[in-house]
Amino acid sequence: MNWLARFLRPPSSAVPPARPGEGASVLRFLETSRLVAGAILVATVLAIVAVSYIGVSPVALPLQENQLASVRIVAADTFTYVSQLHTRQARNEAALRVPPVFRVELAPFEQFATHLREFAAELDRFEQQHLPANPAARTEALREHAGALDVLVEAFNLRGPYHVETEDITALLRLGPARVRDPLLEAGLATLRSLYREGIYDRDQDLVAAANGAMTAYQVRDTDGAIRPARVQSREEALTFLRVSLTGESLGRDAAAALFRLLRNGLTANLVFDSAATGLQRARAAAAQDDVVVTVQKGQVLVDAGTRITPDQYEMLAAHRRFLLDQGGVQVSGYLQLFGRMLLVLAMVLAAVLYIRLEDRPSLTSNSRLGLLALVIILNLSLVRVVFEFGELGVFVRHPDLAAVLPYLAPTALAPLIVAVLLGTGPAIMTALVVSLFTGVICGNRLDILVVAFFASMVGIFACRRVRQRGRVIRAGFLSGLSVACFALLLGAADNIGTDNREAVVIVLRQMAVGLGVGLFTGMAVVGLIPLLEMLFRRTTDITLLELTDYNHPLLSRLQLEAPGTYHHSLMVANLAENAAQALGANPLVCRVCALFHDIGKTAQPEYFTENQRDRANPHDDCSPHASAAIIRSHVPEGVDLAQRHRLPKLVVDAIRQHHGTTLIQYFYQRARKEQRTPLPGQPEPTALVEVPEAPFRYEGPKPQTRENAILFLADCVEAASRSLRTATHQSLAELIDRLIQERIDDGQLDECPITLAEIARIKTNFEFTLLNMLHSRIAYPAPEPPANRNATSPSSVAVPPAAPAQPDAAAPADHAREIQPPR
């Protein structure tokens, strides 16, 4: 009778569903073959070895001053370089060897000499007026005119910062007339003049600090501008020299002491530090210093692992990078090292496989998931390697401060975010660890880069778990970049603590800006790559599922117009399945989307399903049981065909295939058995009962394979059967749900999905709660009392009784799930 079922179909669905052919077999082999999985494993190991090891040389290692070296670097060949650090140090030393230049000020001496000569002239007049030539009489006269002498001394002291005593002047007047005193005064002034010309400094004026050097030697600039070397002499040393000079004038002790005390008032510091002249002299000396050339021998250790890079080592490493760049780079070789690296990568990949075996078994049994993991990891590490190779560019070699941003330029969170959106957080964590580990290896075994990359990836994974909007993916990338920026700030502060290095601050700010920018770019790149990867690997994200819940989708719009009863049934099943999935911890969005589309195949022949018949005749009355069963079964392949033509995700197509499992269409099967037992008029009774085969009356399946499809499978039959209840009570619903689910368990329909009896019990409870709220009844509202002057009874005065639940049509064929229920 299959020809009749095909004949009754409209032309658009007249072609029966194609069975899996050669193409499907190839896809199934690629998806499930362990040989393909092994090839993916080997290819992943080789690709990671090639990306993280082959061709990696020290020329691109982005090392910075004051950073802990993660690897031991030796000179690949003998080279020389001009050391700016040593040259600068040598020029500073040459500049410091230049004595400071002071300007000699003679004005203080000229002022004192003028005042002293004026005072000497006043003493001459005092002598002429009051002092006789006789020495004995002179002493008596000085005693008599002491008051007048005091006035002269006081007037002299007021002319400057002088402290001359009358006793000292009296001692000088006792020496004799002016012709004796004046030569002594002039000799003293000559001594002062010579001291002033040499220059006198006061230790209290701190000229040593002003000169930035020790006052062991210095230069003076005369009034004519000439600079000459001079002997250093402090004011104390000049006073000593003056005392010694006066002692040699064949004076008496008292007279020499009095003359010294008079002249010392004119001895003051007269050196002023000339910063301009000193700077010019030192600049000339520094410019005359030749550049310091450093020679590094082949095999010399430039830096040891675990040591902090000094400025000298940093300059040597930069020179080494420039040398290797000029020589065309040095390729790392060695088969033993290559074999060791392959073992390291193999061990890491095997550890990832064990993690998948423990925490993500679907990935281990699906080659497409394994291929997706391998592809995004290799892609991410390749981008890291490309960024690492930027270090060999001339701009980064010649400007090491720019090379410091390279580790933060690598988008290490790209693969973890893609895996988190497409496969979940578990595989994403494993991906983040693998990418972070080999990023640290590529960057020279740097632990800080490994930690920063892993932390940033974990932040991004946390921010985009169960993401349903594309904007949240970009937000996750930005948060990942923000965590990188924070780590760059903390690491920069730790490496340069206690220093006032503006260059280090600029480098840290660049690293922070690059980290933020790369994080934002990573989020946008993930949003752009997700649709492509969904198509290539037949994955479906919650973002795509949320877009499919739009009721304006062409298939849902067609279902609403051509099969409104089925559309309403799909909405009820969607609510039922979504609530059950939420309670069970499954994906409620998957359940809702699959429920909305699970019966789209009924649009091919909607009149053959009772929810769309309303009061029309039942076309099954004119069909044989086999033909009716074929029509009922056909809505599954019809739905698969429509879903594939409209490019619905694979999980929706699978849900359409599995939402009836391999259940038996009971009504038409029992009708076929009944017709087999009942002879036609005029025919004898059958001597032996011939059993009707079940195969034509069973759905092709397969049985539900996932928890979400199992929930949909149960929600579909429960919602359909619940409409046959006269009154939806707690007891009636519980009995109906228990019976329907137990029948399907006994039929083995749930044997192939990972669902437990405890979860089934929770599904029953949730179904009961949801159906009680969906099938509730309403009270009858009494009609308003008629007016007193109105005798006729208006239609509105009649009370409307409660709406009774829909009753099944006794003449209609029953559903395969319940014999009294029309087929759905």
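This one's a predicted model, so the numbers in the text were calculated from it and none came from an experiment.

Visitor: What exactly am I supposed to notice about the overall build of the chain here?
Guide: Scanning the chain from terminus to terminus reveals 35 helices and 8 strands. Looking at the chain as a whole, 47% of its 824 residues are labelled buried. In the structure as shown, the chain presents an accessible area of about 40,900 Å², 58% of it carried by carbon and sulfur atoms.

Visitor: Looking at this structure, I do not really get the environment of V421. What am I missing?
Guide: Within the secondary structure, V421 is located in helix α21 (residues 414-422). The class for V421 is buried, based on a relative accessible area of 10%. In sequence terms V421 and R468 are 47 residues apart; their C-alpha atoms lie 9.2 Å from each other. Contacts of V421, omitting those with residues within four sequence positions, involve C464, V467, V473, I530 and T541.

Visitor: So what exactly am I meant to see when it comes to the packing of α21 against helix α22 (residues 425-442) here?
Guide: Any two packed helices are characterised by the angle at which their axes cross and by the distance between the axes. Closest axis-to-axis distance for the α21/α22 pair is 7 Å, and the angle between their directions is 170 degrees. By the angle between their axes, α21 is roughly antiparallel relative to α22. Contact with α21, carried on its side by A415, P416, V419 and A420, involves T425, P427, A428, T431, A432 and V435 of α22 and no other residues of that element.

Visitor: Is there a simple way to think about the packing of aromatic side chains in this case?
Guide: Under the counting rule described, the total for this entry stands at 8 aromatic pairs. Summarising the aromatic geometry, the rings of F109 and Y196 are spaced 5.5 Å apart at their centres and angled 45 degrees between planes, so their arrangement reads as tilted. Of this pair, F109 sits in helix α5 (residues 107-130) while Y196 sits in helix α9 (residues 178-198), and the two are 87 residues apart along the sequence. Both rings, one in F455 and one in F487, keep their centres 5.3 Å apart while their planes meet at 50 degrees; by these two values the pair is tilted. Placement of the pair is F455 in helix α23 (residues 447-463) and F487 in helix α24 (residues 470-495), with a sequence separation of 32 residues.

Visitor: Looking at this structure, I do not really get helix α25 (residues 502-537). What am I missing?
Guide: Counting along an α-helix, one turn takes 3.6 residues, and residues three or four places apart therefore face a common direction. Under the 1.5 Å per step criterion, the end-to-end length of α25 is 50 Å for 36 residues, consistent within 8% with the ideal 52 Å. A maximum bend of about 35 degrees is found in α25 at L529, where proline P531 lies one to four positions downstream. Looking one or two places after α25, you find R538, whose phi comes out positive at around 55 degrees.

So, how was this worked out
Residues numbered from 1 in each chain as written. Predicted model: local features only at pLDDT ≥ 70, side-chain atom pairs only at ≥ 80, totals over all residues. Heavy atoms only, no water. Helix = DSSP H or I, 4+ residues; strand = E, 2+ residues; numbered from the N terminus. Buried < 20%, exposed > 50% of the residue type's maximum accessible area, 1.4 Å probe, protein only. Areas by Shrake-Rupley, 256 points an atom, 1.4 Å probe, with all protein chains shown as cover. Contact = heavy atoms within 4.5 Å. Axes fitted to C-alpha atoms, helices over the stretch in contact; angles between N-to-C directions. Parallel < 35°, antiparallel > 145°, perpendicular 65-115°, else oblique. Phe/Tyr/Trp six-rings, centres within 6.5 Å; stacked < 30°, edge-to-face > 60°. Expected span 1.5 Å × (residues − 1). Bend = angle between axes of the 7 residues up to and from the residue.

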